[in-house]
Amino acid sequence: EAGVAQSPRYKIIEKRQSVAFWCNPISGHATLYWYQQILGQGPKLLIQFQNNGVVDDSQLPKDRFSAERLKGVDSTLKIQPAKLEDSAVYLCASSFSRRRGGNIQYFGAGTRLSVL
Amino acid sequence: SQKIEQNSEALNIQEGKTATLTCNYTNYSPAYLQWYRQDPGRGPVFLLLIRENEKEKRKERLKVTFDTTLKQSLFHITASQPADSATYLCARSSNTGKLIFGQGTTLQVKP
């Protein structure tokens, strides 16, 4: 089966510019996650969708980050305006369900963002 | 606060030896722990999941243990190979299904 697709793979922008990332999860996966991974750290959840509804966005900096999952399939994550500290890899993951504890997540290759 | 911690120092071992990576958690008792592998420039890939009522789980050369008394999970790779070199991430699941990761341990297997 096809894996989680993300684009672009790399993006370089200047601070205060805006940027958008796209994710297409595995077909049939109801749950979609966006993680931020700063160099040397583990991924940190930004937002979790169940179909097209938000389950958890407690760690999403809502003054600059936004995400949507229209039609419950692919998703976009936007940063506007970007700050230097947003430089990181943005990972999208999907799972069949959000069953407590036992859900295995499948990750895309990520988008590496550099903010200059 | 609830924390999940891994040894941030890289682990260097010789090919053929057993690699043992540690994951410690504090202030809670996770029902599940998951282990993922991450190669440079790639997303994490699921390896093993262990439940709190399981002492041990095996998959080929991989073994995970879960000690609720010590609040610790150990991840073992037996007969290690240079191809096992990667960063290994431990994660617990929240009630909503999101994963909370440790910082990862980088393993380097030398031929």
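Heads up: the structure comes first, above all this text.
On a predicted model such as this, the values are computed, not experimentally measured, just so you know. (Residues numbered from 1 in each chain as written. Chains lettered and ligands numbered in written order. Predicted model: local features only at pLDDT ≥ 70, side-chain atom pairs only at ≥ 80, totals over all residues. Heavy atoms only, no water.)

Let's talk about the overall build of chain B
Step number 1: Helix and strand counts for chain B come out as zero helices and 11 strands.
Step number 2: When its helices and strands are written in sequence order, chain B yields β-β-β-β-β-β-β-β-β-β-β.
Step number 3: Taking 111 residues into account, the globule formula puts the C-alpha radius of gyration at 13 Å, and chain B, at 13 Å, falls close to it.
Step number 4: Seen through its C-alpha atoms, chain B measures out along the principal axes to roughly 40 × 30 × 20 Å.
Step number 5: With the model as given, the accessible surface of chain B reaches about 5500 Å², and the carbon-plus-sulfur share is 45%.
Step number 6: Between the mean site of the 15 positive side-chain charges and the mean site of the 10 negative ones, chain B shows a separation of 3 Å. (Helix = DSSP H or I, 4+ residues; strand = E, 2+ residues; numbered from the N terminus. Rg over C-alpha atoms; globule rule 2.2 N^0.38 Å. Areas by Shrake-Rupley, 256 points an atom, 1.4 Å probe, with all protein chains shown as cover. Lys, Arg positive; Asp, Glu negative; His and termini not counted. Charge placed at Lys NZ, Arg CZ, Asp CG, Glu CD.)

A word on the overall build of chain A
Step number 1: Helix and strand content of chain A: zero helices and 11 strands.
Step number 2: Along chain A, helices (α) and strands (β) appear in the sequence β-β-β-β-β-β-β-β-β-β-β when read from the amino end.
Step number 3: Relative to a compact globule of 116 residues, whose C-alpha radius of gyration would be 13 Å, chain A shows 13 Å and is just as compact.
Step number 4: Taking the principal axes of the C-alpha coordinates as reference, chain A spans close to 40 × 25 × 25 Å.
Step number 5: For chain A, the proportion of its 116 residues judged to be buried stands at 46%.
Step number 6: Partitioning the contacts of chain A with sequence separation of at least 6, the portion at a separation of at least 24 is 54%.
Step number 7: Of the roughly 5800 Å² of accessible surface on chain A, 50% is carried by carbon and sulfur atoms.
Step number 8: Averaging the coordinates of the 15 positive side-chain charges in chain A and doing the same for the 9 negative ones gives two points 2 Å apart. (Buried < 20%, exposed > 50% of the residue type's maximum accessible area, 1.4 Å probe, protein only. Contact = heavy atoms within 4.5 Å.)

Regarding the state of the cysteines
Residues and elements named next belong to chain A.
Step number 1: What the rule picks out here adds up to two disulfides over all chains.
Step number 2: For Cys23, the disulfide goes to Cys92, at an S-S distance of 1.9 Å. Classification of the bridge connecting Cys23 and Cys92 rests on its S-S torsion, roughly -70°, and on that basis the disulfide is left-handed. Taken together, the residues span a long stretch of sequence, with Cys23 in strand 3 (residues 19–24) and Cys92 in strand 9 (residues 88–95) at a distance of 69 residues. Here Cys23 matches Cys92 in class, with each residue buried. (Disulfide = S-S within 2.5 Å.)

So, the sheet that holds strand 8 (residues 75–79) of chain A
Residues and elements named next belong to chain A.
Step number 1: Here four strands make up an open sheet; going across it, the order is 1-3-8-7 and the pairing antiparallel. Pairing within the sheet leaves two strands with one partner each, and these edge strands are strand 1 (5–7) and strand 7 (65–68). Ignoring strand direction, the axes of neighbouring strands in this sheet form an average angle of 15°.
Step number 2: In this structure, strand 7 lies alongside strand 8, joined through four bridges in antiparallel fashion. Within the sheet, the bridge partner assigned to Ser66 lies in strand 8 and is Lys78. (Pairing = 2+ DSSP bridges. Axes fitted to C-alpha atoms, helices over the stretch in contact; angles between N-to-C directions.)

A short note on the packing of aromatic side chains
Step number 1: Scanning all chains against the criterion turns up 12 aromatic pairs over all chains.
Step number 2: Seen in terms of ring centroids, Phe107 of chain A and Phe101 of chain B are 6.2 Å apart; in terms of plane orientation they differ by 65°. Their pairing is edge-to-face. With Phe107 of chain A in strand 10 (residues 106–107) and Phe101 of chain B in strand 10 (residues 99–101), the pair connects residues from two separate chains. We note that Phe107 of chain A, like Phe101 of chain B, is buried. (Phe/Tyr/Trp six-rings, centres within 6.5 Å; stacked < 30°, edge-to-face > 60°.)

Concerning the pairing of strand 3 (residues 19–26) of chain B
All names here are of chain B.
Step number 1: Side chains Ala19, Leu21, Cys23 and Tyr25 project from strand 3 onto a buried face, and the interleaved Thr20, Thr22, Asn24 and Thr26 project onto a face without burial.
Step number 2: Sheet topology note: the strand 1 (residues 3–6)/strand 3 ladder contains four bridges and is antiparallel. Within the sheet, the bridge partner assigned to Lys3 lies in strand 3 and is Thr26.
Step number 3: Taken together, the six bridges between strand 3 and strand 8 (residues 72–77) define a ladder with antiparallel strand orientation. Within the sheet, the bridge partner assigned to Thr20 lies in strand 8 and is His76.

Here we look at the environment of Lys3 of chain B
Residue and element names in this part refer to chain B.
Step number 1: Within the element layout of this structure, Lys3 appears in strand 1.
Step number 2: The sequence separation of Lys3 and Asn27 amounts to 24 residues, and the corresponding C-alpha distance is 7.1 Å.
Step number 3: With residues near it in sequence (within four places) discarded, Lys3 still touches Asn24, Tyr25, Thr26 and Tyr28.

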